[in-house]
Amino acid sequence: MLSIGIVGLPNVGKSTLFNAITNSGVLAANYPFATIDPNVGVVQVNDDRLENLAKIYKSAKIIPTAIEFIDIAGLVKGASKGEGLGNQFLSHIRQVDAIAHVIRCFEDTNITHVEGRVDPIRDLEIIEMELRLADLESIEKRLPRLEKMLKVKNAEAMVEASALTKVKTMIETDGRPSDLDFSDEEKKIVKNLNLLSLKQNLYIANLADTDLANPTANNHFNALVEKGKSLGIDVIPISAQVEYEISTIEDKEEQTIFLESYGLKESGLDSVIKKGYEILGLKTYFTCGPQETRAWTFVAGTKAPQAAGIIHTDFEKGFIKAETLSYDDLMACGSPVAAKEKGKVRLEGKDYVVQDGDIMHFRFNV
Ligand code: GDP
């Protein structure tokens, strides 16, 4: 399951947003793998296509995919040196796929800013510095161990040591490790090292509700967008308080009316999820039948057998063919039968690269 870690200075609105996440959380019964942990919130990924599919296939239930948010509260200046919550929780972030920075852009004299005044760029730099320092510390621990392996000419250790030294030098010279070029070999190893400064990032600008309809009226937001642009990082305007209020409304229609009153089409949380999928190159395929219509998340470029393996390893091992119909073709034809008659149901083999919106039916040997 995709997981996104939420970081930010104290009093920027992280808990408010996280409470909105847990309030709109999924039914644990449908997601037995969801961890029961107060710092983890699992929300479903809304996808309008699911309802349409469930109608066509007369499915008894819909199971959307889910995404996990991890509240990594307490990252303050000096956290990597053990002043804040320290290394224990930094190890928590290492497991996430992407990091969402919650950045305070709202002014409110009643709510203290730990650094004295609202300044999103400075706040971001504090957090990013902490993430880099945490990496530096783990690299410095790891390198001496690698040196021992280098003595016996361990090839993998050589690649790892070279990659880590590059990152270390970059941090020490105040550069951004994400600007580094790694060889293909290094890339593979670097991925497994889970360095915080190499993770994909999202900036969540926490605005006053009155700024939501027109975020560019807020200069803190504009500064953040400029910074994001220079780094290729998207900024998502939200109001944590509004998100919290949305999460307390159960009725979908009422939610829509509430959102419209702020000039919004979707909740900020939905925008964060969409962006998360985008930056990580994630796509969705569907399995549909009378029992259920279900969404499955895969990484762009995945071939049919591996996509089948997401459902069950046996599907991958015994993969024969995949009956495939694209969502758009199905909608254009109106029914699976009509789609079949028009030749839109394809029988794809092991080299087929699964596309977003594919409706898959796997044939496999048991
Ligand atoms: P955290 O320390 O980052 O988890 O911050 P909290 O979520 O606890 O928020 C700190 C304070 O700011 C709380 O009193 C929130 O109600 C308040 N707060 C959060 N978001 C907003 C906002 O968009 N506008 C205003 N005015 N207050 C907010």
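Scroll up for the structure.
Residues numbered from 1 in each chain as written. Predicted model: local features only at pLDDT ≥ 70, side-chain atom pairs only at ≥ 80, totals over all residues. Heavy atoms only, no water.

Chemist: Would you mind showing me how to read the overall build of the chain here?
Modeler: Along its length, the chain carries 14 helices and twelve strands. The C-alpha atoms of the chain give 23 Å as radius of gyration, which agrees with the globular expectation for 366 residues (21 Å, within 12%). The C-alpha extent of the chain, read off along each of the three principal axes, is 65 × 65 × 35 Å. Taken over 366 residues, the chain has a buried fraction of 49%. (Helix = DSSP H or I, 4+ residues; strand = E, 2+ residues; numbered from the N terminus. Rg over C-alpha atoms; globule rule 2.2 N^0.38 Å. Buried < 20%, exposed > 50% of the residue type's maximum accessible area, 1.4 Å probe, protein only.)

Chemist: Looking at this structure, how should I read the nonpolar core?
Modeler: Counting 39 residues, the largest nonpolar core has Leu17, Ile21, Ile67, Phe69 and Ile93 as the members making the most contacts within it. Beyond its immediate sequence surroundings of up to four residues, Ile21 is in contact with Ile6, Gly41, Val43, Phe69 and Leu269. Among the nonpolar cores identified, the runner-up in size contains 18 residues, and Leu124, Val235, Ile246 and Tyr262 belong to it. (Core = buried A, V, L, I, M, F, W, Y, C linked by side-chain atoms within 4.5 Å. Contact = heavy atoms within 4.5 Å.)

Chemist: Is there a simple way to explain the sheet that holds strand 1 (residues 2-7) in this structure?
Modeler: Strand pairing in a sheet takes place through backbone hydrogen bonds and is either antiparallel or parallel in direction. Ordered by their spatial adjacency, six strands build an open sheet running 2-4-1-5-6-7, and the pairing between neighbours is mixed. At either end of the open sheet lies a strand with only one pairing partner, and these are strand 2 (40-44) and strand 7 (235-238). Between one strand axis and the next, the sheet turns through 25 degrees on average, direction left out of account. Bridging between strand 6 (residues 200-206) and strand 7 involves four bridges; their strand directions are parallel. Pairing of Ala205 across the sheet is with Pro237, part of strand 7. Against the sheet, helix 7 (residues 219-231) touches strand 5 (98-104), strand 6 and strand 7, its axis set at about 170 degrees to strand 6. Here helix 10 (residues 268-279) sits on the sheet and contacts strand 1, strand 2, strand 4 (66-71), strand 5, strand 6 and strand 7; the angle it forms with strand 6, its principal contact strand, is near 160 degrees. (Pairing = 2+ DSSP bridges. Axes fitted to C-alpha atoms, helices over the stretch in contact; angles between N-to-C directions.)

Chemist: Help me out: how do you make sense of the packing of aromatic side chains in this one?
Modeler: In this description, a pair of aromatic rings is defined by centroid distance and the angle of the planes. Considering all chains together, one arrives at six aromatic pairs under this definition. A ring pair is formed by Tyr285 and Phe362, whose centres lie 5.9 Å apart and whose planes are at 85 degrees; its orientation type is edge-to-face. Placement of the pair is Tyr285 in strand 8 (residues 282-288) and Phe362 in strand 12 (residues 358-364), with a sequence separation of 77 residues. Across the pair, exposure class does not vary: Tyr285 and Phe362 are buried alike. Note on Phe286 and Tyr327: the rings are 6.5 Å apart at their centroids and 45 degrees apart in plane angle, and the pair reads as tilted. Remark: Tyr327 occurs in helix 13 (residues 327-333) and Phe286 occurs in strand 8; sequence separation between them is 41 residues. Each member of the pair, Phe286 together with Tyr327, is buried. (Phe/Tyr/Trp six-rings, centres within 6.5 Å; stacked < 30°, edge-to-face > 60°.)

Chemist: Which parts of the structure should I look at to understand the site of the ligand?
Modeler: By nearness alone, 15 residues border the ligand, and Asn11, Lys14, Ser15, Thr16 and Asp108 come closest of all. The side chain of Lys14 places a nitrogen or oxygen atom 2.9 Å from an oxygen atom of the ligand. Contact distances for the ligand include 3.2 Å between a nitrogen atom and a side-chain N or O atom of Asn206. Coverage of the ligand by the protein chains reaches 77% of its 580 Å² of free accessible surface. It is helix 1 (residues 14-23) that contributes the most residues to the shell around the ligand, three residues altogether. (Near = heavy atom within 4 Å. Polar contact = N/O pair within 3.5 Å; in protein donor to acceptor, adjacent residues only side chain to side chain. Areas by Shrake-Rupley, 256 points an atom, 1.4 Å probe, with all protein chains shown as cover.)

Chemist: What exactly am I supposed to notice about unusual backbone geometry here?
Modeler: Outside of glycine, negative phi angles account for most residues, and trans bonds account for most peptide bonds. The backbone of Lys153 shows a phi angle near 55 degrees, a positive value even though the residue is not glycine. The residue Lys153 is located in the loop between helix 4 (120-151) and helix 5 (155-172) in this model.

Chemist: Where do I start with helix 5 in this structure?
Modeler: Between its first and last C-alpha atoms helix 5 spans 26 Å; for 18 residues at 1.5 Å apiece the expected length is 26 Å, and the two agree. All buried positions along helix 5 are accounted for by Ala157, Val159, Glu160, Ala161, Ala163, Leu164, Val167, Met170 and Ile171. In this structure, the buried side of helix 5 is in contact with helix 4 and helix 6 (184-193). A side-chain oxygen of the first residue of helix 5 lies 3.0 Å from the backbone nitrogen of Glu156; this N-cap is Asn154. Where helix 5 terminates, the next one or two residues include Asp174, which has phi positive at roughly 65 degrees. (Expected span 1.5 Å × (residues − 1).)

Chemist: Help me understand the packing of helix 8 (residues 240-247) against helix 9 (residues 252-261) in this model?
Modeler: Between two packed helices, the angle of one axis relative to the other and the distance separating the axes together describe the packing. At a minimum axis separation of 10 Å, helix 8 and helix 9 run at an interaxial angle of 160 degrees. Between helix 8 and helix 9, the interaxial angle falls into the category roughly antiparallel. Of the two elements, helix 8 crosses helix 9, and the hand of that crossing is right-handed. Listed contacts from helix 9 to Val242, Glu245 and Ile246 of helix 8 are Gln255, Phe258 and Leu259. Across the contact of helix 8 with helix 9, the residue classes tally to four nonpolar, one polar and one charged. (Parallel < 35°, antiparallel > 145°, perpendicular 65-115°, else oblique. Left-handed = near helix turned anticlockwise from the far one by under 90°. Nonpolar A, V, L, I, M, F, W, Y, C, P; charged D, E, K, R; others polar.)

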